[in-house]
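What the coordinates show
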Amino acid sequence: MFLLGALDDSLRIASVRVLARGHQHAVPALLQVPRPGEVLIHNHPSGQLTPSDADLQVASAVGNNGVGAYIVNNAVTALYVVVEPHVTAAPAQIAPGAATALLGPGGTVAAHLAGYEHRPQQLQMLEAVVAAFNHDTTLTVEAGTGTGKSLAYLLPAISWSLLNRERVVVSTHTINLQEQLIKKDLPFLTQQAGLECATALVKGRGNYLCRRKAAQVQGQGSLLVEDDQQRELAELLAWAQRTTDGSLSDLPVRPRSEVWEQVVSENDNCLRARCPYYSTCFFYSARRAAAKADVIVVNHHLLMADLALREEMGSYTQNAVLPPARRVIIDEAHHLEDVATNYFGARVSFAAIERTFGRLRSLRHESKGLLPALIMALESIEAADDRPAAEGAVRWIEERLLPKRQSLLVDAEQCFAERLTGLEELLGREITANVDEKVRVVPPVREQPYWQQLEAALTHLAVILGAFAEDFAGVSERLDQLSEASGKQVLFLATELHALQGRIAGFAAALLAFVGDDENTCRWIEARHRPRTGKAIAFHSAPIAVGPLLRTALFEQFPTVVLTSATLAVDRRFDYLHEHLGIGQLADPGRVHTLRVESPFDFAHQAVLAVPRDLPEPNAPGYEAATHEVIDKILQATQGGTFVLFTAYGALHRAAGALGSALQQRGLTLLRQGEMNRHLLLTRFVADPRAALFATDSFWEGVDVRGDALRCVIITRLPFRVPTEPIEQARVEAIESRGGNAFAEHTVPQAVIKLKQGFGRLIRARSDRGAVVLLDSRVVRKPYGRVFLDSLPPARRLIGDRRAVCAALREFYRRE
């Protein structure tokens, strides 16, 4: 038997629980990995406690993670200590008063921060974060706009790191916040406020150029790269000689994805320490800097990748995607569920398969691609001892891999095309241009002949893709026989071949998972038609509930997790967030603390919330025409300086089409999302005081426009998510199947958080003034409207018929 022992303060085993059981012919598998400081206990029924070689291997493996290993007899009267557990000293605690003194009036931060304002809410949040670090708790903090939450969590993070020499991870969702932290807040605290600690921004591999791949392309570019990519690639290679960090953010113009793919750093074709460029590798240079850092800043996707790898490794003390840490701060935490859903989900399309097969050999030029380049490199080998293996590898490529690649590509294209045709027959219509069709895989769909055909076809495709991937071994075995004298180019190409082998095997695994029956997985078929690329079909899967994944990988593993955002609570409670992130299911609810701090802004005097209660409801006839009329009248009152936020592009374009000429005649500038990139659009809006920006999702949050440039936000409807989205349907059904009210527990809370984000665009400073106009009468007509209104900041409310509301807003802007 294997048991897990927990130590008490006197280092005695206080409790045990069984991990696995075996017998004289079979050794049990350890599915749960012990934590540092715990003890793995294994009995020898014979009473002879001398460890076997297998015992020593197990003890060595767990000992590397700080776990002890004991052997006992069955009566537990004799004990053999193979490895002592690593018992760490109690960490040094942050003195609450010291942290408050740094940030409070007269403190170091106040003395060096231009425009410092004393904010009691900021100090309240700081004290709660300090307590979370000191007492190993999970803390959820909603901090209203203007609280200054980044300093309130960075100060404790730095203080803890300096006191305990323990790294702290700060995770964000947006690049804007990452840049604020790494370029403004952290340099201020570490350079001007005197908190000397090392910091680093950690980016994913896909942001970095690989020197080895660049050298490979430089040497064999004519073989590996399509002709229409050569000029852009040449510019990229020239930049690679000048750049200091080798990341996309250092490029003046972002390259096309298919060009960047030729030189991007990738985990599955990395030679690591065997690479001749290892010491100057951009990616590993950045990782070495991160390993030295006390505070590292990452994004949520990278955090998910790190957690997933740690779960797979069973280790939270070794390097994974990130260097090890025990304290995590998650800002913009309202995005965590969606990021986790996307990360742990999968999508398989023919385009992805075709792109990978195109890297093996070009789809347009048979002489280009990895396999032709590898053949040429092998045929150039002159060493007599290496010739047999090189010739054998060439024959294997020419006689097996290249013919199979071609036939498989045809089979895959036919498989996807037939599934698309079958889907149109199932729907009873053709896929129309620019309209995405999504069909969720539910029991009635599985009963259709279409599903049986799809299941058989995808299973067959998965099997032959898997067999093709395994066939790469015939080349790899021969390449392994070559001496080092065969050259770096063969080694580089072999590494690339191994990476593509893994990706093809990954397609096979994803297809088999798609036709599987895991109950916590939502599956759907998506078809789309784009005028430029035609029709296509893809197969999606995503976890219905990410809470269990986050609970086991994050909240149960890290002593301190701080989640924060300006929009986490619904009706002043955190139930929705905690339920969906798995916090509500933690074994020790006493470790979970919450805090809400109101914005320091005076919303009652700075802002008005206006709701025309006589507008038709969004799904009623005449709604859009009525909203267009009200938008026009409000813009007459504001004379620009207005965001008009929509929940769908179609509604945005119809409104712009209806109002564009009238606005232009009155000298207003209509800016429309999609006309130019987001940064340029925002720059033009700020520069033009008579601009109205019509926008959708990406402008509901993460946009900070201060002063008179933004004086009104019009929200056209309550931001309920599209109810036909497969993952939304699955989550609604899961709630209803356990007897819950999905609308109240899921649909409304999601929309409340989104509405709070949209409202939050208006007031960004104490001097800001303006109005938020909500053109959805359901907020005052429906019982659930109270939840929306009570979750918003306490602005003055102006509720009445549209004529009275518009008149009151004209007077408000005339007076302001």
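In case you missed it, the structure is sitting above this.
The notes below deal with the structure included here.

Criteria and cut-off values
Residues numbered from 1 in each chain as written. Predicted model: local features only at pLDDT ≥ 70, side-chain atom pairs only at ≥ 80, totals over all residues. Heavy atoms only, no water. 1 Å grid on protein atoms, 1.4 Å probe; cavity = no way out; pocket = protein on both sides within 12 Å on 5 of 7 lines; lining within 4 Å. Points joined across faces, edges and corners; volume = space filled by probe spheres on them. Nonpolar A, V, L, I, M, F, W, Y, C, P; charged D, E, K, R; others polar. Helix = DSSP H or I, 4+ residues; strand = E, 2+ residues; numbered from the N terminus. Axes fitted to C-alpha atoms, helices over the stretch in contact; angles between N-to-C directions. Left-handed = near helix turned anticlockwise from the far one by under 90°. Contact = heavy atoms within 4.5 Å. Phe/Tyr/Trp six-rings, centres within 6.5 Å; stacked < 30°, edge-to-face > 60°. Buried < 20%, exposed > 50% of the residue type's maximum accessible area, 1.4 Å probe, protein only. Lys NZ or Arg CZ within 6 Å of the ring centre and 35° of its normal. Core = buried A, V, L, I, M, F, W, Y, C linked by side-chain atoms within 4.5 Å. Pairing = 2+ DSSP bridges. Expected span 1.5 Å × (residues − 1). Salt bridge = Lys/Arg side-chain N within 4 Å of Asp/Glu carboxyl O.

1. Brief notes about empty space enclosed by the protein
- Within the structure shown, the criterion is met by two cavities of 30 Å³ or more.
- Put simply, the largest cavity is a space of about 140 Å³.
- Along the wall of the largest cavity there are 15 residues; nearest its centre are Cys-210, Arg-212, Cys-270, Cys-275 and Cys-281.
- Per-class residue counts for the lining of the largest cavity are eight nonpolar, two polar and five charged.
- For the second largest cavity, the calculated volume is near 40 Å³.
- Lining the second largest cavity are Val-169, Leu-303, Asp-306, Arg-310, Leu-322, Pro-323, Pro-324, Ala-325, Val-328 and Phe-558.
- When residues of the lining of the second largest cavity are assigned to their parent elements, the largest contribution, three residues, is made by helix α11 (residues 300–313).
- Taken together, the residues of the lining of the second largest cavity sort by class into eight nonpolar, no polar and two charged.

2. Focus on the packing of helix α2 (residues 96–103) against helix α4 (residues 120–135)
- Where α2 contacts α4, the axes come no closer than 10 Å and their chain directions differ by 150°. Note on packing geometry: the crossing formed by α2 with α4 is right-handed. Two secondary-structure elements touch here, α2 through Pro-96, Ala-99, Thr-100 and Leu-103 and α4 through Gln-122, Leu-123, Leu-126, Glu-127 and Val-130.
- Per-class residue counts for the contact of α2 with α4 are six nonpolar, two polar and one charged.

3. With respect to the packing of aromatic side chains
- This structure, assessed with the given rule, holds 23 aromatic pairs.
- Their ring planes at 50° and their centres at 6.1 Å tell us that Phe-350 and Phe-416 sit as a pair that is tilted. Here Phe-416 lies in helix α15 (residues 387–427) and Phe-350 lies in helix α13 (residues 350–360), a separation of 66 residues in the sequence. For the pair formed by Phe-350 and Phe-416, the shared burial category is buried.
- An aromatic cluster is present here, built from Phe-350, Phe-416, Trp-451, Phe-514 and Phe-539 joined pairwise through their rings.
- Taking the ring centre of Trp-396 as reference, the NZ or CZ of Arg-400 above it sits at 4.3 Å.
- Between Arg-678 and the ring centre of Phe-699, over which it is positioned, the NZ or CZ distance is 5.2 Å.

4. Some remarks on the nonpolar core
- Within the largest apolar cluster, 62 residues are counted, with the highest numbers of intra-cluster contacts made by Leu-378 and Leu-465.
- Where this core is concerned, the elements lending two or more residues are α13, α14 (370–379), α15, α17 (449–471), α18 (473–480), α19 (488–514), β13 (521–530) and β14 (534–543).
- When neighbours within four sequence positions are excluded, Leu-378 is seen to be in contact with Arg-387, Ala-390, Ala-393, Val-394, Ile-397, Leu-479, Leu-482 and Val-490.
- Core analysis: the next-biggest nonpolar cluster, separate from the first, contains 44 residues, Phe-643, Leu-693, Ile-763 and Val-779 among them.

5. Points about the pairing of strand β1 (residues 2–7)
- Of the strand pairs in this sheet, β1 and strand β3 (residues 39–43) are connected by four bridges, and their pairing is antiparallel. Across the sheet, residue Gly-5 finds its bridge partner in β3, namely Val-39.
- For β1 and strand β2 (residues 13–20), the ladder comprises six bridges, and the chain directions are antiparallel. Paired with Phe-2 across the bridge in β2 is Ala-20.
- Hairpin geometry of β1 and β2 is characterised by an intervening segment of five residues between the two adjacent antiparallel strands and by a positive phi of about 65° at Leu-11.

6. Some thoughts on the sheet that holds strand β11 (residues 346–349)
- Spatial ordering of the open sheet is given by β11-β14-β13-β12, a layout of four strands whose pairing is antiparallel. The open sheet has two edge strands with one neighbour each: β11 and β12 (437–440). Direction aside, neighbouring strands of the sheet carry axes that sit 20° apart on average.
- Bridge analysis of β11 against β14 gives four bridges, and the strand direction is antiparallel. Across the sheet, Ala-346 pairs through a bridge with Ser-541, a residue of β14.

7. So, unusual backbone geometry
- Although it is not a glycine, Val-76 sits at a positive phi angle of roughly 55°.
- When you line up the elements, Val-76 lands in the loop between β4 (68–72) and β5 (79–83).
- With a phi close to 50°, Arg-165 is a non-glycine residue in the positive phi region.
- Inspection of the secondary structure puts Arg-165 in the loop between α5 (149–164) and β7 (168–172).
- Classification of Arg-165 by relative accessible area gives exposed; the value is 59%.

8. Observations concerning helix α23 (residues 623–638)
- Between its first and last C-alpha atoms α23 spans 22 Å; for 16 residues at 1.5 Å apiece the expected length is 22 Å, and the two agree.
- Listed as buried for α23 are Tyr-623, Ala-626, Thr-627, His-628, Val-630, Ile-631, Asp-632, Ile-634, Leu-635, Ala-637 and Thr-638.
- Buried residues belonging to α23 abut β18 (642–645), α24 (649–665), β20 (691–695), β21 (712–715), β22 (770–774) and α30 (802–815).
- Immediately downstream of α23, the backbone of Gln-639 shows phi near 55°, a positive value.

9. Section: the pattern of salt bridges
- Enumeration according to the criterion identifies 54 salt bridges in this entry.
- Arg-530 is the partner of Asp-436 in a salt bridge, and the nearest nitrogen-oxygen pair spans 3.1 Å. A residue pair is termed long-range when its members are at least 10 positions apart, and Asp-436 in the loop between α15 and β12 and Arg-530 in strand β13 qualify at 94 residues.
- Put simply, Arg-786 and Asp-790 hold a salt bridge, and the shortest N to O gap is 2.9 Å. Of this pair, Arg-786 and Asp-790 both sit in helix α29 (residues 785–791), four residues apart, which is roughly one turn of the helix.
- Given the relative accessible area of 43%, Arg-786 is considered partly exposed.
- You can call Asp-790 partly exposed: its relative accessible area is 27%.
- Each member of the salt-bridge network shares a partner with another, and the members are Lys-213, Glu-261, Glu-266, Asp-268, Arg-355, Arg-359, Glu-496 and Arg-503.

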